[in-house]
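# Survey of secondary and tertiary structure
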Amino acid sequence: EQQPAAPGRPAQPKAQSAKEERESRNEQLLLTWLADEPEIFDQVAQYVRPAHFTEGVHRNAAEGYWAILGKRDGGNPASVIGMFETEEEQEKAAALFQTRIRGIKDAREREKALRDIVIAIRKAAADRDRRRMEETMQEPTAEELSDMIRTRKELQALQKVRFNLTDAPSGE
């Protein structure tokens, strides 16, 4: 998104809010985690879908990566990066797969970190959906209400989810 330009100056990209930066970082952490450990994809995919990612490069990268991981074609994100046409988009996509949490080695700590990331992504997606509904100023449909209730229940259940992780691979 671009901010309006002052006369005689080019438009500047809109600065991300702290909330948007957190959302972006959580999505980057999850994509990197899946790239590093594609074997956890089935566990994560039960709770997070590409539609839960922010629109644009993040969501497009998630859609491409989910397709790769769903086919069991390994976990090389290079093919996802290559699907973007512009160099700028490719750089943004590449950055999505290079964000790691340092210092978490123990399986229990890793499980908590992964659960926190998954919950944060799901909450952010639910908040975006709610804001979108509020902006339209229309009463939610029965289907939308049902989705909201289902999402709330899934978020509550996620608090108790156990991901099956091992201690961090050496080198992290």
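Only a predicted model underlies this, so the values are computations on that prediction, with no experimental measurement involved. (Residues numbered from 1 in each chain as written. Predicted model: local features only at pLDDT ≥ 70, side-chain atom pairs only at ≥ 80, totals over all residues. Heavy atoms only, no water.)

Our focus in this paragraph is the overall build of the protein chain. Scanning the protein chain from N- to C-terminus turns up seven helices and two strands. Order of helices (α) and strands (β) in the protein chain, N terminus to C terminus: β-β-α-α-α-α-α-α-α. Out of the 172 residues belonging to the protein chain, those deemed buried represent 37%. Carbon and sulfur atoms form 48% of the exposed surface of the protein chain, whose accessible area is close to 11000 Å². (Helix = DSSP H or I, 4+ residues; strand = E, 2+ residues; numbered from the N terminus. Buried < 20%, exposed > 50% of the residue type's maximum accessible area, 1.4 Å probe, protein only. Areas by Shrake-Rupley, 256 points an atom, 1.4 Å probe, with all protein chains shown as cover.)

Leu30, Leu34, Tyr65, Trp66 and Leu114 are the most contacted members of the largest nonpolar core, which totals 36 residues. When residues of this core are traced back to their parent elements, those giving at least two are helix H1 (18-36), helix H2 (41-45), helix H3 (57-70), helix H4 (78-82), helix H5 (87-96), helix H6 (107-136) and helix H7 (142-158). Among the elements that take part in this core, H3 stands out by supplying seven residues, more than any other. If sequence neighbours within four positions are ignored, Leu30 has contacts with Val44, Val48, Phe53, Trp66, Leu114, Ile117 and Ile121. (Core = buried A, V, L, I, M, F, W, Y, C linked by side-chain atoms within 4.5 Å. Contact = heavy atoms within 4.5 Å.)

Here we take up the pattern of salt bridges. On inspection of all chains with the given rule, the structure shows 13 salt bridges. Two residues, Arg122 and Glu154, come together in a salt bridge whose shortest N-O distance is 2.5 Å. Placement of Arg122 in helix H6 and of Glu154 in helix H7 is noted, with a sequence separation of 32 residues between them. Classification of Glu154 by relative accessible area gives partly exposed; the value is 30%. Between Asp129 and Arg132 there is a salt bridge, with the nearest N and O atoms lying 3.0 Å from each other. On the criterion of helical spacing, the pair formed by Asp129 and Arg132 is a turn pair, its members being three residues apart in helix H6. By relative accessible area, Asp129 is classed as partly exposed at 40%. A relative accessible area of 40% places Arg132 in the partly exposed class. What emerges from the salt-bridge pattern is a single network uniting Glu55, Asp129 and Arg132. (Salt bridge = Lys/Arg side-chain N within 4 Å of Asp/Glu carboxyl O.)

Running from amino to carboxyl end, H1 crosses H6 at an angle of 130°, the nearest separation of the two axes being 10 Å. The pairing of H1 with H6 is recorded here as oblique in orientation. Crossing hand, H1 versus H6: left-handed. Contacts between H1 and H6 pair Lys19, Glu23, Asn26, Glu27, Leu29, Leu30 and Trp33 from the former with Arg110, Ala113, Leu114, Ile117, Ala120, Ile121, Ala124, Asp127, Arg128 and Arg131 from the latter. Classifying every residue of the contact of H1 with H6 gives nine nonpolar, one polar and seven charged. (Axes fitted to C-alpha atoms, helices over the stretch in contact; angles between N-to-C directions. Parallel < 35°, antiparallel > 145°, perpendicular 65-115°, else oblique. Left-handed = near helix turned anticlockwise from the far one by under 90°. Nonpolar A, V, L, I, M, F, W, Y, C, P; charged D, E, K, R; others polar.)

This paragraph deals with the confidence of the model for the protein chain. With 87% of its residues at a pLDDT of 70 or more, the protein chain has an overall mean of 84. In the model, residues 1-6 has pLDDT below 50 throughout and makes 13 contacts with residues more than four positions away in sequence or in other chains. Low pLDDT, under 50, characterises residues 9-13; the stretch is placed with nine contacts to residues that sit more than four places away or in other chains. (pLDDT = per-residue confidence, 0-100.)

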